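Tertiary structure, described
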Amino acid sequence: MSDVYNVRLEPVGVEFEVEEDETILDAAFRQGIALPHGCKEGQCSACKCVQLDGETELLKYSTFALNDFERDSGQILMCRTLAYSDVEIELLNYDEEVLSKSIPVKVFDGRIVDFQKLTHDIRGVEIEIDTPLKFWAGQYVDITVAPEKGKAITRSFSMANSPSEAQKLSFIIKKFPEGKFSNELDAGGIKKGAAVTLRGPYGTCFRREERQGHVILVGAGSGMSPVWSILHDQLASGEDRPIMFFFGARTQDDLFKLDEIAEVTGKNPSVEFIPVLSHADDDDTWTGERGFVHECVDTRLKEMDLDGEGDVYACGPPPMIDALTPVLFMHDFELERIFYDKFTPTSGSSAH
């Protein structure tokens, strides 16, 4: 049996236990304490903090996430840190609302019950699980499935359904050329009825409640998945807030769920859907917005002059997020009103 130590988080005064063979971040997740996190693999810096006291060991990590100067000054990555004594940590970034909305990470058994081709490179997957999953709109799970041939595959995908649908979960997945999960789906290695294991929920890009101003949703590709969940959860909340839903795509062939979106906007005048095509120069049939989605967001915000009054949820590839962030700052959106989830292709376990 492994030793158990105590972790204390400052300045919030939260304490929890960590076993000797688990990372501090995993221990927090297990006990329902939602600490800042991103990749969970030592590749980003979202869980970086300062170790004030205690004996620890860092597993392999990227120096892009934690450089040598930071390490020498006592900073650590909670996702890569093992404890060998009681530990005291100072959080560099924390959100009181995230901590208050913590949900213990659990494991769920289920099966794939539906698979759809939404576009040439976007897939829809539905999974039924044996017990309900509590999550907040915008969060994700790690899904593990064993194809008929080969090793088990684990990938991270955001739920597209509303949290009220707790046992039949929907996912919108982008197919990448080297994407093992999506390619096995297309090739038939992962079939309808395949057994899956889900672990979660994870993620801090979830819908905040009881706010004022506009709700601005920005998605591209499979970034539609968490945005779709947040949209429906916002509408179900009964809050009277205008919603702007920007979606970036290359061409009209890359747009999907248009009938469902039309139904939503028809029933809810507060919702405006704004598709933006980046490669529609030769498309005379397209009468909507052209260019990159962050440019369209910039133009519309200039017209509306919101002065940062609203909440922004942006989900999509890193270049979209990186281009959008300075636009939002220029329009006076503060960090605590911007929530994003970067979807990155990977050969590891953290691809959306």
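If you're wondering where the values come from, they're calculated on a predicted model, not measured in any experiment.

Right, let's talk about the sheet that holds strand S12 (residues 168–174) for a bit. Within a sheet, neighbouring strands are paired by backbone hydrogen bonds and run either parallel or antiparallel to one another. Reading across the sheet, the 6 strands line up as S11-S10-S13-S8-S9-S12 and stay open at both edges, with antiparallel pairing between neighbours. Of all the strands in the sheet, the pair left with one neighbour each is strand S11 (153–158) and S12. When strand polarity is set aside, the average angle formed by the axes of neighbouring strands in this sheet is 35 degrees. Strand direction decides the pairing type here: strand S10 (residues 140–145) and strand S13 (residues 195–202), joined by 5 bridges, are antiparallel. Looking at the pairing, Asp 142 lines up with Arg 199 of S13.

Strand order in the open sheet made by the 6 strands is S17-S16-S15-S14-S18-S19, with parallel pairing throughout. A strand with exactly one partner marks an edge of an open sheet, and here the two such strands are strand S17 (289–290) and strand S19 (338–342). In this structure, strand S14 (residues 214–220) lies alongside strand S15 (residues 243–249), joined through 6 bridges in parallel fashion. When the bridges of S15 are listed, Val 215 appears paired with Ile 243. In the packing of helix H5 (residues 224–237) onto the sheet, contacts are made with S14, S15, strand S16 (271–277) and strand S18 (310–316), and the angle to S15 comes to roughly 165 degrees.

About the thresholds
- Residues numbered from 1 in each chain as written.
- Predicted model: local features only at pLDDT ≥ 70, side-chain atom pairs only at ≥ 80, totals over all residues.
- Heavy atoms only, no water.
- Pairing = 2+ DSSP bridges.
- Helix = DSSP H or I, 4+ residues; strand = E, 2+ residues; numbered from the N terminus.
- Axes fitted to C-alpha atoms, helices over the stretch in contact; angles between N-to-C directions.
- Contact = heavy atoms within 4.5 Å.

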